[in-house]
Structure formats: structure tokens, C-alpha cells
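# Descriptive analysis of the structure
These are the residues of each chain, in order.
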Amino acid sequence: MSLDLDILNENILNEAKEILYESGLYDTLRQFGDPQVSGSYLLNLMTWRDLDIYLLSDQLNSETFFDLGKEITVKLDPFKMSFRNELIGKTPHLPKGLYWGVHSFLFDQNWKIDIWAIDSKELKEKQSVIEKIKHKVNHDNRLTILKLKNQLHNHPLYRKTFFSVDIYDAVLEDKITSSEQFKEWIYSTKDIEI
């Protein structure tokens with residue numbers, strides 16, 4: 001099981017690197033700010049095709065962000081893209097910034113690429129959280145995280161009421177090791193029934 005998840009992680013990481021560096025996405029993003037690849041890619045904990053990128057820009061506005069959207073369309077040929085302005089929306093669990101949610105069929109697989117244009121203050125907060133997680137991941141808990149993410153990522157409430165960070169917290173802080181324990185943990189800590 002762990003070997004299969006390691007292989008899956010490695011395969012998805014390799015596809016992500018091609019999307020970033022071979023397709024030209026990273027270079028395109030650099031024309032609009034300073035791209036910082038984050039999330040499961042940075043943590044080496046990928047179990048599904050979802051890439052998180054923060055674009056550091058203290059001056060990006062909606063007009064230039066739509067110019068970026070056009071460039072993304074040329075590079076990745078998405079079948080769907082969604083835009084959010086969370087500088088206005090201010091949804092509690094989301095970054096304060098501009099967002100493209102890009103859905104593309106790449107390597108015969110569905111890929112979701114989240115691109116958030118945020119300012120330096122917001123980026124510092126996001127980096128701080130991910131670095132704390134990264135320092136706590138070791139060989140044993142890494143395999144547990146991969147297993148739980150793989151088991152839970154198709155749950156209908158995933159990314160709506162509970163998130164990867166909850167899996168990281170459960171395993172790294174409270175030593176949760178199974179999906180049954182996680183269900184009990186998420187109910188007792190967040191009052192979420194899954």
C-alpha cells in the first residue's frame with residue numbers, strides 16, 4: 001500500500017513539474033508576479049491532481065489578472081476556469097486575493113490548478129503554515145497522511161467543510177492513524193460529521 005502511494009505521489013509530482021516548467025506556466029506566472037508553488041506539491045504529499053500556486057503581487061488588479069487568465073488558457077487549454085475576487089468576497093477560510101481555478105485535461109487526467117494572487121503579508125502567513133507542517137512530517141506520519149488523503153479525497157464534504165490541513169493536524173498533532181479515527185477526530189474537534 002505505502003509503495004503504491006509513493007509511486008502515485010511521484011507520478012503526480014512529475015506531471016506537476018511538466019505543467020509548471022515544460023508547458024511554460026511558471027514562466028507565464030513570472031510575468032505577473034513571483035510564483036510560489038505550495039500545498040501538497042511542496043510537502044511531497046500528492047494523492048490527487050491538484051496544484052496550489054500563490055502568485056506574490058502587491059499590485060495585481062482584476063484587469064491584469066484577466067490578462068493572466070488569457071495566458072493560462074493558451075498554455076493549458078482548460079475546459080473550465082473559475083474566477084474569484086476574495087478582496088471583495090472575504091470568505092473566512094480563503095486567502096485575501098484574486099483566484100483562478102483552472103481545470104484542464106493533461107496527461108490523460110483531470111487536473112485542478114489553484115492560482116491565488118496575494119500580497120506579501122498574505123503570502124507570509126500561508127508560507128508560515130506550510131513550513132510548520134513540512135518540519136513535522138517524517139517517514140512514518142507521511143505514509144499515514146498519504147493513506148488518509150487517498151481514502152478521503154473523494155468524500156463529498158472534502159474541500160467544503162474539511163480540508164487537507166485538517167488531515168495534517170489530525171496526524172501530526174493528535175497521532176490519528178486511520179480514517180475511522182479521523183472521522184471521530186473531525187467530529188470532536190470541528191463538530192463535522194463525515
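Heads up: these notes are all about the structure in this document. Since this is a predicted model, take the numbers as computed values, not measurements.

Before going further, it helps to spend a moment on the sheet that holds strand β2 (residues 50-56). Within a sheet, adjacent strands bond to each other through the backbone by hydrogen bonds, running parallel or antiparallel. One open sheet accounts for 5 strands, arranged β1-β2-β5-β4-β3; its pairing is mixed. Among the strands making up the open sheet, the edge pair consists of β1 (34-38) and β3 (80-85). Across the sheet, the axes of successive neighbouring strands diverge by a mean angle of 20 degrees, strand direction being ignored. As judged from the 7 bridges shared by β2 and strand β5 (residues 109-118), these two strands associate in the parallel manner. Among the inter-strand pairings, L51 is bridged to a residue of β5, identified as I113. In the packing of helix α4 (residues 62-76) onto the sheet, contacts are made with β2, β3, β4 (98-106) and β5, and the angle to β4 comes to roughly 5 degrees.

What follows is about the layout of surface pockets. By volume, the largest pocket is sized at about 1100 Å³. In terms of lining, the largest pocket is formed by 38 residues, of which the most central are D52, Y54, H93, L94 and F163. For the lining of the largest pocket, the elements supplying multiple residues, two or more each, are α3 (39-43), β2, β3, β4, β5, α6 (120-136) and α8 (164-174). Residue composition of the lining of the largest pocket, by class: 17 nonpolar, 10 polar and 11 charged. In this structure, the second largest pocket is lined by W48, R49, D50, F79, H103, S104, N110, W111, K112, H153, N154 and R159.

Across all of its chains, the model carries 11 aromatic pairs by this definition. Ring centres of F66 and F83 lie 4.7 Å apart, and the angle between their planes is 50 degrees; this geometry places the pair in the tilted category. In this pair, F66 sits in helix α4 while F83 sits in strand β3, placing the two residues 17 residues apart along the sequence. The class of F66 is partly exposed, set by a relative accessible area of 42%. Through a chain of ring-to-ring contacts, the aromatic side chains of W48, Y158, F162, F182 and W185 assemble into a single cluster.

A word on the side chain of T28. Residue position: T28 is located in helix α2 (residues 25-30). Apart from residues lying up to four places away in sequence, T28 is in contact with L68, E71 and K75.

A few words now on unusual backbone geometry. For K90, which is not glycine, the phi dihedral falls at a positive 50 degrees. You can see K90 is positioned in the loop between α5 (86-89) and β4. Phi is positive for R159, close to 70 degrees, though the residue is something other than glycine. For R159, the position within the fold is in the loop between α7 (139-152) and α8.

Cut-offs applied
Residues numbered from 1 in each chain as written. Predicted model: local features only at pLDDT ≥ 70, side-chain atom pairs only at ≥ 80, totals over all residues. Heavy atoms only, no water. Pairing = 2+ DSSP bridges. Helix = DSSP H or I, 4+ residues; strand = E, 2+ residues; numbered from the N terminus. Axes fitted to C-alpha atoms, helices over the stretch in contact; angles between N-to-C directions. Contact = heavy atoms within 4.5 Å. 1 Å grid on protein atoms, 1.4 Å probe; cavity = no way out; pocket = protein on both sides within 12 Å on 5 of 7 lines; lining within 4 Å. Points joined across faces, edges and corners; volume = space filled by probe spheres on them. Nonpolar A, V, L, I, M, F, W, Y, C, P; charged D, E, K, R; others polar. Phe/Tyr/Trp six-rings, centres within 6.5 Å; stacked < 30°, edge-to-face > 60°. Buried < 20%, exposed > 50% of the residue type's maximum accessible area, 1.4 Å probe, protein only.

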